[in-house]
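# Summary of the model geometry
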Number of protein chains: 2
Amino acid sequence: MNSAVVPDTPRTPVSVTVDLVIFTVRDDALHVLLVKRGKEPFMGDSALPGGYVRPDEDLDAAALRELSEETGVDGRELRLAQLRAYGDPDRDPRGRVITVAYLALGPDLPDPVAGTDAADAVWVPTQEALAPGYGLSFDHGRILSDAVEEARSRLEYTTVAADFCREPFTISDLRRVYEVIWGTALDPSNFRRKVLRTAGFVEPTGERRTAEAGRPAALYRFGGATELYPPLLRSGDVLG
Amino acid sequence: MNSAVVPDTPRTPVSVTVDLVIFTVRDDALHVLLVKRGKEPFMGDSALPGGYVRPDEDLDAAALRELSEETGVDGRELRLAQLRAYGDPDRDPRGRVITVAYLALGPDLPDPVAGTDAADAVWVPTQEALAPGYGLSFDHGRILSDAVEEARSRLEYTTVAADFCREPFTISDLRRVYEVIWGTALDPSNFRRKVLRTAGFVEPTGERRTAEAGRPAALYRFGGATELYPPLLRSGDVLG
DNA sequence: GGCCTTAGAGTCAAGGTGACCAAAAAATCC
DNA sequence: GGATTTTTTGGTCACCTTGACTCTAAGGCC
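So, here is what we can say about the structure in this document.

Reading the values: the criteria
- Residues numbered from 1 in each chain as written.
- Chains lettered and ligands numbered in written order.
- Predicted model: local features only at pLDDT ≥ 70, side-chain atom pairs only at ≥ 80, totals over all residues.
- Heavy atoms only, no water.
- Helix = DSSP H or I, 4+ residues; strand = E, 2+ residues; numbered from the N terminus.
- Buried < 20%, exposed > 50% of the residue type's maximum accessible area, 1.4 Å probe, protein only.
- Contact = heavy atoms within 4.5 Å.
- Salt bridge = Lys/Arg side-chain N within 4 Å of Asp/Glu carboxyl O.
- Near = heavy atom within 4 Å.
- Polar contact = N/O pair within 3.5 Å; in protein donor to acceptor, adjacent residues only side chain to side chain.
- Nonpolar A, V, L, I, M, F, W, Y, C, P; charged D, E, K, R; others polar.
- Phe/Tyr/Trp six-rings, centres within 6.5 Å; stacked < 30°, edge-to-face > 60°.

A word on the environment of Pro89(A). Inspection of the secondary structure assignment puts Pro89(A) in the loop between β5 (81–86) and β6 (96–105). Owing to a relative accessible area of 15%, Pro89(A) belongs among the buried residues under this scheme. Apart from residues lying up to four places away in sequence, Pro89(A) is in contact with Gly95(A), Arg96(A), Pro55(B), Asp56(B), Glu57(B) and Asp58(B).

Right, dumping it as structure tokens:
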């Protein structure tokens with residue numbers, strides 16, 4: 001790929017994998033999908049779902065396939081986006097393995113079905129998975145914390161928060177996503193004003209939903225816009 | 001890296017490279033560093049500098065090394081950041097090569113010195129390099145245009161624009177960076193106000209510089225902040 | 001000095017923001 | 001049935017930022 005000095009095909013055995021950080025919001029907490037490793041290294045430990053990129057497969061395609069295999073979710077419904085590549089020489093004891101991490105946000109997804117590849121996949125509160133003692137395999141702790149920060153940032157500048165909400169949803173559903181991921185409390189009235197003024201973020205269905213308590217809320221669906229302009233900057237009070 | 005089904009070590013011959021998109025502002029135009037390829041494939045064509053990642057080398061280290069080899073610049077002075085990974089199976093005719101693209105912005109760098117690896121490296125106006133007829137090798141056209149968009153975006157939310165300016169610089173130098181990369185005209189007075197109000201973006205040296213014409217401008221150095229809060233959103237008039 | 005050029009200060013109206021209040025519309029409890 | 005609670009939704013208001021604009025400062029050049 002370069003000019004003269006580099007040998008043409010340095011045959012260092014190197015493998016490429018994709019790893020998926022799949023977030024969802026459950027019980028007012030951010031959860032991440034993890035699998036229990038069935039073999040060495042790190043057998044029995046938790047890890048992000050992922051796997052080898054196949055010989056004739058694009059990186060994005062590999063990520064979509066893994067997402068589908070591990071969770072049964074059709075990734076085309078979600079916005080699967082590259083986070084970054086991780087290539088520390090010592091990150092995998094088996095040898096040189098470079099991984100491309102992807103980030104996907106989904107609505108409260110069904111529990112992984114037994115009998116599939118994802119038999120032992122579980123939703124884990126992100127905070128718990130990041131705790132020092134939890135022991136994520138490889139450098140997945142680092143990847144996960146990068147992904148959390150990236151998700152927080154994407155909420156400011158894009159409409160991904162809507163990916164967390166199954167349609168139709170209420171403005172409050174959307175607000176709760178922001179509050180959970182940012183860890184801050186937002187003023188319901190001001191949040192509502194901002195969301196509705198941003199063209200293409202949400203559009204009303206005309207229906208209403210009556211929850212356990214309180215005035216019934218108007219229902220919305222996603223409006224199709226991907227960018228948030230102006231951005232919705234975080235500056236609320238940090239929740240206890 | 002995954003659970004049961006995936007074979008342990010799929011020995012698809014796969015190589016990993018880093019490619020560098022190094023921008024600078026010259027003559028009021030964004031330039032990118034390109035090299036002429038000295039061998040097949042794409043011999044004689046232009047390409048982004050880059051090369052194979054060595055067996056025991058981290059991705060970031062490989063990018064720093066290539067930057068230094070190709071341009072003589074100590075990359076630690078710059079902010080070298082990952083753009084994303086590209087892994088289309090057909091992107092390299094030699095076989096499966098996955099590349100991790102990096103983005104670096106530098107002040108008007110010296111012309112590449114002959115006799116080094118970068119003997120045939122040249123600064124090319126980005127617009128020219130992106131023209132359909134220019135014929136960048138591999139998928140480097142795609143990488144470059146992704147990098148341009150990423151640079152535009154980073155100018156909004158980070159202080160990278162200062163990387164383009166050799167210290168000490170004037171507020172107008174900084175403004176010109178924004179104008180060139182965004183392709184918009186900015187109001188000098190309003191731009192100045194925003195830059196000075198953002199803590200840590202620039203700090204005054206107390207000196208002044210008298211240019212070819214006009215009132216001497218106060219000189220500043222970079223203030224150390226990396227994030228720009230609030231962001232400096234682009235909304236100026238598009239330049240002819 | 002007169003003129004050109006660029007830097008930098010200031011003004012002002014429009015619009016966005018956060019803090020806050022109040023009404024509407026349901027469920028629940030007495 | 002009425003009061004209370006809860007959540008949605010609409011509104012106000014003071015403050016700040018923004019963009020457009022004007023005006024002054026300070027150099028070089030003729």
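This paragraph deals with the pattern of salt bridges. Counted by the stated rule, this structure contains 33 salt bridges over all chains. Notably, a salt bridge pairs Glu57(A) with Arg65(A), separated by 2.6 Å at the nearest N-O pair. Arg65(A) carries the same exposure label as Glu57(A), and that label is buried. Notably, a salt bridge pairs Arg234(B) with Glu149(B), separated by 3.2 Å at the nearest N-O pair. With Arg234(B) in the loop between β10 (217–222) and β11 (237–238) and Glu149(B) in helix α3 (residues 140–157), this pair connects stretches of sequence that are 85 residues apart.

Inspection of the region around DNA strand D gives 24 residues, with Ser172(A), Ala218(A), Arg193(B), Lys194(B) and Arg197(B) positioned closest. Within 4 Å of the protein, the atoms of DNA strand D are drawn from sugar and phosphate moieties in a proportion of 59%. In the model, a phosphate oxygen of DNA strand D is placed 2.7 Å from a nitrogen or oxygen of the Arg192(A) side chain. Mapped onto the surface near DNA strand D, the elements with two or more residues apiece are α4 (171–182), α5 (188–197) and β10 (217–222) of chain A together with α5 (188–197) of chain B. Broken down by element, the surface near DNA strand D gets its largest block of residues, 5 residues, from α5(B). Class assignment for the residues of the surface near DNA strand D results in 6 nonpolar, 7 polar and 11 charged.

Going through the model one piece at a time under the given rule, you end up with 7 aromatic pairs over all chains. Here Tyr157(A) and Tyr157(B) contribute two aromatic rings whose centre-to-centre distance is 4.0 Å and whose plane-to-plane angle is 35°, an arrangement assigned as tilted. Remark: Tyr157(B) occurs in helix α3 and Tyr157(A) occurs in helix α3 (residues 140–157); the pair is interchain, linking two chains. Since its relative accessible area comes to 13%, Tyr157(A) is described here as buried.

The next subject is the protein's contact with DNA strand C. Neighbouring DNA strand C are 23 residues, the closest being Lys194(A), Arg197(A), Ser172(B), Ser189(B) and Ala218(B). Among atoms of DNA strand C positioned within 4 Å of the protein, sugar and phosphate together represent 61%. Within the side chain of Ser172(B), an N or O atom sits 2.5 Å from a phosphate oxygen of DNA strand C. One of the side-chain N or O atoms of Arg192(B) is found 2.9 Å from a phosphate oxygen in DNA strand C. Mapped onto the surface near DNA strand C, the elements with two or more residues apiece are α5 of chain A together with α4 (171–182), α5 and β10 of chain B. The leading source of residues in the surface near DNA strand C is α5(A), at 5 residues. The residue inventory of the surface near DNA strand C, partitioned by class, reads 5 nonpolar, 8 polar and 10 charged.

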